[in-house]
Structures are given as structure tokens and as C-alpha cells.
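Chain by chain, the residues:
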Amino acid sequence: MKIYFAPMEGITGYTFRNIYDENFPGVDCYYTPFIAATHTHSCKTREKKDVAPENNRVKHLVPQVLTNKSEDFLWSAGALADLGYSEVNLNLGCPSPTVVSKKKGAGFLGEPDMLDRFFEETFEGLRHFETAGRSAVRISVKTRIGMRDTEEAAALMGIFNRYPLAELIIHPRLQNELYRGVPHADVFLSMLGESRNPVCFNGDICTPGDMERLLEAVGKKKLQLPAVMIGRGFLRDPALLRRIQGGRAARRDELQRYHNRLLEAYSAALSPKDALFRMKELWAYLQDRFDGEDRRVKRLLKCRDSAAFRAAADELFAEGTLR
Ligand SMILES: Cc1cc2nc3c(=O)[nH]c(=O)nc-3n(C[C@H](O)[C@H](O)[C@H](O)COP(=O)(O)O)c2cc1C
């Protein structure tokens, strides 16, 4: 089974991906946080840097695009093909109200006819890539199971099944559930059973036990699951993949090296304030490694300069109780 690192806007940019992969190798594929493909047919500098081959050292990277227009998707797919990418992922999962109100991300799921037309036009356009001498690009999808009602999932599967997707990554929550509550495992299993395309599960895999339970449920239905995508679980426990594979938990020196490499890289690339902001965002997850260290973590999160932050982090790594 393949394991993917989920895209997380504001967190899993190229600096993070490179350093994570150097310190905790083994993830089969990374996905970029979404690139907004709009009618202007231009990208933000940050987005260009994130997909630039010279900035990326992970073995396999798939760029993700957010749009609801085939013309804009095809423009971005062409630009990404020119950079050497052979797969582009369509974001049908972003639940944020500003995205959803534009009928993009999970908002696109509320417009099944428009979504069907999007795929029809996009696949038609991708066919022309090859005849026009451009490199072939496959499209994969990362989706939720609907906007408001789990009953929406069946009709969506009808649409997905009409097209040869490289992969269908399913986060089994509705748009209006955001990241709350428990993923709908039952809906996922029926989508897995119905899918003509290879499926990947995504959602709330944070321990080896979570993975075991997922695989047990899949096995009980006599189904096969080719891939699992993990996001917050890897941020909370960077050695999660190794533990899933039966290996040891992260040692304090490993966590410290990973952490300090990120701090150095962000400090070199960003303003001191922005670098600390990034690191504190990471600690929102990484604090999970420590047991009963709320006071020390709180102190760390209050630090306003890099030296004090580094000292507080070093103290936690040296003396904090690991889970
Ligand atoms: C801060 C944050 C940013 C995210 N950004 C993206 C994104 O750019 N594209 C995307 O498809 N999903 C995004 N997601 C969703 C994750 O990829 C993933 O689907 C979600 O966190 C559930 O998986 P997990 O429980 O393994 O974390 C984001 C989630 C979070 C919490």
C-alpha cells in the first residue's frame, strides 16, 4: 500500500516537504497545497516557487489545482506539464466558505452537472495535449463526499466513474463538517466498492491503531485499498509511518534535528516574525508528542524572538516527557 502526505496550505510548502522527507523518509508521494487557477492564467510567486523543480527534492510530487473551469485547469495542467509533471490533482475538498461560495473546492460538489461538464471538457482537452505534441497529463481528484448530506456521495461516484482518473482520494466528510466529528467510514467503504478508479483514503489516521482499524474494515468487505493519505497525523507524530510499519517511535534527538532544520530554513527564507509564525503553527500539532508539558509548550508559544524560541524548544526536547 502506498502512503501519501496530504497537502496543507500554509504548512506543507516545499521547505517543509524537503526537510520532512530528509528526516523521516518513506512517504511515496507529496501533494502541493492548492494553486488557484484563475482566468488570468498567471500564478502567485509563492505558487510558482512551490512547484519549481529546482526547489523540490522529494521523489514524487503532485501539484494540486483549485478551479471550476476546464479552460483554467487545462492552462495550469499545460504549464505544469512543461515543468515535467505528469499528474495534476483537482481540489474538490476545500471547505472554506470563501472558496465554497465561488463553487470551488467542496463547493463544486454542490453542482454535479457543472462538475460532469468540467470533466468532459477537461478530458477532451487533455487528449489534445498529446496530439499537440505536449507531454501527457493525468488528472487525479481529492474529494469530500458531498456538501450537506451523505446521500450525495452516490451521484458523485456516478460522475467520477465516467472518467479515467489517475486516482480518487476520498476524505469522507461533508463540506459543512469542516474537519469536525468522525469521518464517515461506511460511506467511504461503499465508494471504495463502487469505484472504477484507484481509491485513496484520507482522514484522521493519527496512530498505527487508526490504520489497523481502517484496514480491518476494508478487509471485512473483501476490498483492496491501494493508498492512504495522511496529514495532521504526520505533523503530530513525524515518525508515524515508521510506527505503522512496525518500527520505533521518534527519538528526542530525531525530533529536535527535524525541528531545528525547519527553524533554520524558515529563518533564512522568511522574516523573523513569519518564521516563528510557521514554527508555532507546527507546534500546534507537534506538542502532541509531549505528555503533561502544557506549561513549557505555552511558554514556547509566547516567545517573540528566534533565540528565545530555540532555547525553549531545546529545553522541551532535552527535558520534556515524550509520549
Ligand atoms: C491547515 C490545513 C490546510 C489544508 N490545506 C489543504 C489544501 O491546500 N488542499 C487540500 O486538498 N486539502 C487541504 N487540507 C486538508 C488535508 O489535506 C486533509 O484532507 C485533512 O487534513 C484530513 O486529513 P488528516 O486527518 O490526515 O489531516 C488542509 C487541512 C488543514 C488542516
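1. Quick notes on the site of the ligand
Turning to step 1, where the next piece is worked out: By nearness alone, 23 residues border the ligand, and A6, E9, P33, G231 and R232 come closest of all.
Turning to step 2, where the next piece is worked out: When the residues that make up the shell around the ligand are grouped by side-chain class, the tally is 10 nonpolar, 9 polar and 4 charged.

2. Considerations on the environment of R278
Turning to step 1, where the next piece is worked out: By the element assignment, R278 lies in helix α12 (residues 272-286).
Turning to step 2, where the next piece is worked out: You can call R278 buried: it has 21 C-beta atoms within 10 Å.
Turning to step 3, where the next piece is worked out: Separated by 156 residues in sequence, R278 and T122 have C-alpha atoms that sit 36 Å apart.

3. Section: the packing of helix α1 (residues 14-23) against helix α11 (residues 252-269)
Turning to step 1, where the next piece is worked out: In contact at an axis separation of 10 Å, α1 and α11 are set at 155° when each is read in the N-to-C sense. Put simply, α1 runs roughly antiparallel to α11. Considering how the two elements wind past one another, α1 and α11 form a crossing that is right-handed. Across the interface between the two elements, T15, F16, I19 and N23 of α1 pack against E254, R257, Y258, R261, L262, A265, Y266 and A269 of α11.
Turning to step 2, where the next piece is worked out: Here the contact of α1 with α11 is composed, by residue class, of 7 nonpolar, 2 polar and 3 charged.

4. Topic: the confidence of the model for the protein
Turning to step 1, where the next piece is worked out: On average, residues of the protein score 97 in pLDDT, and 100% of them reach the 70 mark or higher.
Turning to step 2, where the next piece is worked out: The least confident element of the protein, judged by mean pLDDT, is helix α5 (residues 112-131) at 94; the most confident is strand β8 (residues 168-170) at 99.

5. Structural notes on unusual backbone geometry
Turning to step 1, where the next piece is worked out: Despite not being glycine, K103 shows a phi value in the positive range, around 60°.
Turning to step 2, where the next piece is worked out: For K103, a count of 15 C-beta atoms within 10 Å gives the class partly exposed.
Turning to step 3, where the next piece is worked out: The phi dihedral of L178 falls on the positive side, at around 50°, and the residue is not glycine.
Turning to step 4, where the next piece is worked out: When you line up the elements, L178 lands in the loop between β8 and α7 (185-194).

6. Re the sheet that holds strand β4 (residues 61-62)
Turning to step 1, where the next piece is worked out: With parallel pairing, the 10 strands of this open sheet are ordered in space as β3-β5-β6-β7-β8-β9-β10-β1-β2-β4. Sheet topology places β3 (35-36) and β4 at the edges, where each strand pairs with a single neighbour.
Turning to step 2, where the next piece is worked out: In this structure, β8 lies alongside strand β9 (residues 199-202), joined through 3 bridges in parallel fashion. Note that in β9 the partner of I169 across the bridge is C200.

7. Details of the packing of helix α3 (residues 70-82) against α5
Turning to step 1, where the next piece is worked out: Packing of α3 against α5 leaves a shortest axis separation of 9 Å and a crossing angle of 35°. Crossing geometry of α3 relative to α5 is assigned as right-handed. Residues S70, F73, L74, A77 and A81 of α3 form the contact with α5, whose participating residues are F118, E121, T122, G125, L126 and F129.
Turning to step 2, where the next piece is worked out: Split into classes, the residues belonging to the contact of α3 with α5 amount to 7 nonpolar, 3 polar and 1 charged.

Cut-off values and rules
Residues numbered from 1 in each chain as written. Predicted model: local features only at pLDDT ≥ 70, side-chain atom pairs only at ≥ 80, totals over all residues. Near = placed C-beta within 6 Å. Nonpolar A, V, L, I, M, F, W, Y, C, P; charged D, E, K, R; others polar. Helix = DSSP H or I, 4+ residues; strand = E, 2+ residues; numbered from the N terminus. Buried ≥ 20, exposed ≤ 12 C-beta atoms within 10 Å, placed from the backbone. Axes fitted to C-alpha atoms, helices over the stretch in contact; angles between N-to-C directions. Parallel < 35°, antiparallel > 145°, perpendicular 65-115°, else oblique. Left-handed = near helix turned anticlockwise from the far one by under 90°. Contact = placed C-beta atoms within 7 Å. pLDDT = per-residue confidence, 0-100. Pairing = 2+ DSSP bridges.

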